[in-house]
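For reference, the chains in residue letters:
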Amino acid sequence: MLLSPESGPVNQFLTFVGIDHPPGWTSSQDWAMPALIITSVWRDMGYYMVLFLAGLQTVPAELYEAARMDGAGPWQRFWHVTLPGLRPTTFFVTVMITVSSFKVFDLVQVMTEGGPGRSTLVLSQLIFREGITQGRFGYASAVSLALFLICLVITVIQFQMQRRSER
């Protein structure tokens, strides 16, 4: 509703600030996927921020104190203490975001149903259409297996990159 092309508050605000032809968020092939991405980020940001807050609390205060005693400024403390201390949290969040981005279904179904055209059709939506709507269970199972393998390969690559960065 917020991104409704005709009466959504986002387009009303854009018109108010002087944009004559605001995007047709969910009705435009060019803007439908960015609208889904923006909405997904907005929806999930709080969860991942809580994870990063928990990660920040695990960074020992002694490291900040030692860096301060050694003359490190705020940026140096951030780059050399905070970011390395958040490496496990960042890895976990990256894996979770990657997997959830491949299996997104609800947002696509509610906002665009895979349209306009096929511009927002994702694998999970295709599995639903083929398996449930069309009754092509074999094809839907094959696409499901492909989705699983894609997620598995990307996750294994992320684990290998994490191990290399720890060395």
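Residues numbered from 1 in each chain as written. Predicted model: local features only at pLDDT ≥ 70, side-chain atom pairs only at ≥ 80, totals over all residues. Heavy atoms only, no water.

1. With respect to the overall build of the protein
Quick reminder of the rule: Helix and strand assignments come from DSSP, with helices taken as H or I runs of at least 4 residues and strands as E runs of at least 2, each series counted from the N terminus. Only C-alpha atoms enter the radius of gyration; for comparison, a globular chain is expected to reach 2.2 Å times N to the power 0.38, where N is the number of residues. Exposure is judged per residue with a 1.4 Å probe applied to protein chains only, and the accessible area is read against the type maximum: over 50% gives exposed, under 20% gives buried, and values in between give partly exposed. Residue contacts are counted whenever heavy atoms from the two residues lie within 4.5 Å of one another. Per-residue and other accessible areas were derived by the Shrake-Rupley procedure at a 1.4 Å probe size, with only the shown protein chains allowed to occlude residues. In summary, the charge assignment counts Lys and Arg as positive and Asp and Glu as negative, without counting His or the chain termini. Lys charges are placed at NZ, Arg charges at CZ, Asp charges at CG and Glu charges at CD.
The number of helices and strands found in the protein is eight helices and zero strands. Secondary structure of the protein in N-to-C order comes out as α-α-α-α-α-α-α-α. The C-alpha atoms of the protein give a radius of gyration of 21 Å, which is well past the 15 Å a tight globule of 167 residues would have. Considering only C-alpha atoms, the protein reaches an extent of 65 × 50 × 20 Å along its principal axes. In the protein, which comprises 167 residues, the share counted as buried stands at 30%. Restricting to contacts in the protein with at least 6 residues of sequence separation, those with at least 24 account for 47%. Carbon and sulfur atoms provide 66% of the accessible area of the protein, an area that totals close to 11300 Å². Considering the protein, the positive charge centre built from 11 side chains and the negative charge centre built from 11 side chains are found 11 Å apart.

2. A closer look at the environment of Arg167
With respect to the element layout, Arg167 can be found in the segment after helix 8 (137–166). The exposure class of Arg167 is exposed, given its relative accessible area of 79%. Taking C-alpha positions, Arg167 is 43 Å from Gln109, a pair spaced 58 residues apart along the chain.

3. Section: the nonpolar core
To keep things clear, this is the line we draw: The set of buried Ala, Val, Leu, Ile, Met, Phe, Trp, Tyr and Cys residues whose side-chain atoms join them within 4.5 Å is what this entry labels a nonpolar core.
In terms of nonpolar packing, the biggest core is built from seven residues, these being Leu121, Leu126, Ile127, Ala140, Val143, Leu147 and Cys151. Broken down by secondary-structure element, the contributors of at least two residues to this core are helix 7 (123–133) and helix 8. No other element matches helix 8, which puts four residues into this core. Excluding residues within four positions of it along the chain, Val143 makes contact with Leu123, Leu126 and Ile127.

4. Thoughts on the layout of surface pockets
Operational definition: Site definitions follow a grid-based scheme: protein atoms alone, a 1 Å grid, a 1.4 Å probe that fits but cannot get out for cavities, and for pockets an open set with protein on both sides within 12 Å along at least five of seven lines, plus lining residues having an atom within 4 Å of a point. Grid points are joined across faces, edges and corners, and a volume is the space filled by probe spheres set on the points. When residues are grouped by polarity, Ala, Val, Leu, Ile, Met, Phe, Trp, Tyr, Cys and Pro land in nonpolar, Asp, Glu, Lys and Arg in charged, and all others, Gly among them, in polar.
Counted as a void, the largest pocket has a volume near 470 Å³. Around the largest pocket, the lining comprises 21 residues; the ones closest to its centre are Ser40, Val41, Asp44, Ser100 and Ser101. Going through the elements one at a time, helix 2 (32–58), helix 5 (87–102) and helix 6 (106–111) are the ones with two or more residues in the lining of the largest pocket. Considering every element that reaches the lining of the largest pocket, the biggest residue donor is helix 2, with eleven residues. By residue class, the composition of the lining of the largest pocket is 14 nonpolar, three polar and four charged. Its boundaries defined by the atoms lining it, the second largest pocket holds a volume of some 310 Å³. As for the second largest pocket, its lining consists of Met1, Leu2, Leu3, Ser4, Val10, Trp25, Thr26, Ile38, Thr39, Trp42, Val110 and Met111. Every element with two or more residues in the lining of the second largest pocket is listed here: helix 2 and helix 6. Looking at the lining of the second largest pocket element by element, the count peaks at three residues for helix 2.

5. Overview of unusual backbone geometry
Residue Pro116 is bonded to the preceding Gly115 through a cis peptide linkage, with omega at -5°. Positionally, Pro116 belongs in the loop between helix 6 and helix 7. For Glu113, which is not a glycine, the phi torsion comes out positive at approximately 55°. Residue position: Glu113 is located in the loop between helix 6 and helix 7.

By themselves, these observations are geometric and do not establish any function.
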